[in-house]
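Here is how the chains run, residue by residue.
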Amino acid sequence: MLNPHKAGTPAKTTPVVVSTWDHGLAANQAAWKVLTDGGYSLDAVEAGVRVTEADPEVRTVGLGGYPDASGEVTLDACIMTEAMDCGSVAFLRDIKHPISVARAVMEHTPHVMLVGSGAQEFALSRGFSKENLLTAESYADWQRWRAQGERPKDINIENHDTIGMLALDNAGRLCGACTTSGAAYKLHGRVGDSPIIGAGLYVDGAVGGAVATGMGELMMKTLGCFLVVELMRQGASPGQACKGAVLRIAEKLGDYAAFQVGFVALNCQGESAAYCIQPGFSYARQDQRGAVLYQSEALLGEAI
Ligand code: ASP
């Protein structure tokens, strides 16, 4: 059920897309094509993150993602528009493009979020097909992990890489998407921040948007992306706002230094920035000047 109200009066802008991590460069290219064809930023973010979802080399999103502790790949995703419409799926299995299922939840149900077998049944009813998402490589890694005594992996450098994407189109509409297979070897049934509106993604079409990656529990406890957008509403730049959300985590959560968290924000003027806990977080930006991969500023010293 789509929101009949406009969230703000978008100004004409030049398009821009930003997304998390190095794999954001390839995803941005697909989004950029939609934007430069004059398309809607919602179509751009969906097309963009679908590239990452379909790439078996990206081991933390969609096809080929690390499984949970029981050996199953379970996916979380959400999508949000400039008019505050949103859709989300969590604990979704055997469907390669959870972002498109999240969009279908937004566009074809009165709900925001579907989970588990209900989300899968809904996807099948919308024409999505089931496929095995556990690649031979991810299965072999999982078997090695189990042989080591089933210690959960820390979320630091190699073990996470959600794609979160924000795009502003030339009509001034800002939309966002976020999709992940979540923390590697998580407990069966665990859902992270990525499908939670306000935690893994938030957009206000009159202000800007934010996406998050890293240890989802920290974003869930602080509603990090909502906070980033609210700080921008109060006048913070995207960089100040992302830093504000990381500082909130550091102030409130005693164990923050053991984890990685990164935020990327884009405001309605097309300005973007990132901030993270540990060095090593990158974000990709594509605009009319070209494609750039930025290293985020970090709260702490050397990479863990
Ligand atoms: N935020 C994701 C989660 O906690 C993982 C990540 O971004 O690395 O599920």
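Below, the structure is looked at part by part. (Residues numbered from 1 in each chain as written. Predicted model: local features only at pLDDT ≥ 70, side-chain atom pairs only at ≥ 80, totals over all residues. Heavy atoms only, no water.)

## Quick notes on the sheet that holds strand β7 (residues 201-204)
- If you walk across this open sheet you meet the 5 strands as β7-β8-β9-β10-β13, and the pairing is mixed. A single partner strand is all that each edge strand has here, and the edge strands are β7 and β13 (297-298).
- Judged from the 4 bridges that link them, β7 and strand β8 (residues 208-214) form a sheet pairing that is antiparallel. Bridging from a neighbouring strand, Leu201 pairs with Val211 of β8. (Pairing = 2+ DSSP bridges. Helix = DSSP H or I, 4+ residues; strand = E, 2+ residues; numbered from the N terminus.)

## Considering helix α5 (residues 136-147)
- For α5, with 12 residues, the first-to-last C-alpha span of 17 Å sits near the 16 Å given by 1.5 Å per residue.
- Taken residue by residue, α5 has Ser138, Asp141, Trp142 and Trp145 as its buried positions. Projected down its long axis, α5 shows its buried positions confined to an angular sector of 100 degrees, all on one face. Relative to its buried face, α5 has exposed residues pointing more than 90 degrees away, namely Ala136 and Ala147. (Expected span 1.5 Å × (residues − 1). Buried < 20%, exposed > 50% of the residue type's maximum accessible area, 1.4 Å probe, protein only. Arc of directions from axis to C-beta.)

## Description of the environment of Ala298
- Summarising the element assignment, Ala298 is placed in strand β13.
- Separated by 236 residues in sequence, Ala298 and Gly62 have C-alpha atoms that sit 27 Å apart.
- Contacts of Ala298, omitting those with residues within four sequence positions, involve Tyr275, Cys276, Ile277, Gln278 and Pro279. (Contact = heavy atoms within 4.5 Å.)

## Some thoughts on a nonpolar patch on the surface
- Among the surface-exposed residues, Val112, Met113 and Val115 lie close enough to one another that they form a single nonpolar patch of about 220 Å² accessible area.
- Locating Met113 in the fold gives a position in strand β4 (residues 113-115).
- Judged by relative accessible area, which is 32%, Met113 ranks as partly exposed. (Patch = residues over 30% accessible without salt bridge, like charges linked within 9 Å, V, L, I, M, F, W, Y side chains within 5 Å. Areas by Shrake-Rupley, 256 points an atom, 1.4 Å probe, with all protein chains shown as cover. Salt bridge = Lys/Arg side-chain N within 4 Å of Asp/Glu carboxyl O.)

## Observations concerning unusual backbone geometry
- Residue Asp94 is not a glycine yet carries a positive backbone phi of 65 degrees.
- Mapped onto the fold, Asp94 is located in the loop between β3 (86-92) and α3 (98-108).
- Of the residues examined, Asp94 reaches a relative accessible area of 28% and is grouped as partly exposed.
- A positive phi angle is found at Leu223, which is not glycine, with a value near 45 degrees.
- Among the structural elements, Leu223 can be located in the loop between α6 (216-222) and α7 (224-233).

## Some remarks on the pattern of salt bridges
- Applying the stated criterion to the full structure yields 12 salt bridges.
- Put simply, Glu107 and Arg103 hold a salt bridge, and the shortest N to O gap is 2.9 Å. Of the two residues, Glu107 and Arg103 both sit in helix α3, 4 residues apart, roughly one turn of that helix.
- Under the relative-accessibility criterion, Glu107 is labelled partly exposed at 29%.
- Since its relative accessible area comes to 12%, Arg103 is described here as buried.
- Two residues, Arg233 and Glu230, come together in a salt bridge whose shortest N-O distance is 2.7 Å. Linking Arg233 with Glu230, this pair stays in helix α7, spanning 3 residues, or about one helical turn.
- Beyond isolated ion pairs, a larger network of salt bridges with shared partners links Asp43, Glu46, Arg103 and Glu107.

## Observations regarding helix α1 (residues 24-36)
- With 13 residues, α1 should cover 18 Å at 1.5 Å per step; its first-to-last C-alpha distance of 17 Å lies within 8% of that length.
- If you check which residues of α1 are buried, you get Gly24, Ala27, Asn28, Ala31, Trp32, Val34 and Leu35.
- For α1, the elements touching its buried residues are β1 (16-20), α2 (41-53), β5 (163-168) and β11 (282-287).
- The positive-phi residue at the C-terminal boundary of α1 is Gly38, with phi of around 85 degrees.

## Here we look at the side chain of Arg190
- Here Arg190 shows up in the loop between β6 (174-180) and β7.
- The class for Arg190 is buried, based on a relative accessible area of 15%.
- Looking at Arg190, its side chain comes within polar contact range of the side chain of Glu217, at 2.7 Å.
- Ignoring anything within four residues of it in the chain, the contact list for Arg190 reads Gly182, Ala183, Gly216 and Glu217. (Polar contact = N/O pair within 3.5 Å; in protein donor to acceptor, adjacent residues only side chain to side chain.)

## Overview of the nonpolar core
- Leu166, Leu201, Leu218, Val228, Ile249 and Phe263 are the most contacted members of the largest nonpolar core, which has 46 residues in total.
- In this structure, Leu201 is in contact with Cys78, Ile79, Met80, Leu166, Gly176, Ala177, Cys178, Ile196, Ala210, Val211 and Cys225, ignoring residues within four places of it in sequence.
- Within the second largest apolar cluster, 32 residues are counted, among which are Val45, Val49, Ala119 and Phe122. (Core = buried A, V, L, I, M, F, W, Y, C linked by side-chain atoms within 4.5 Å.)

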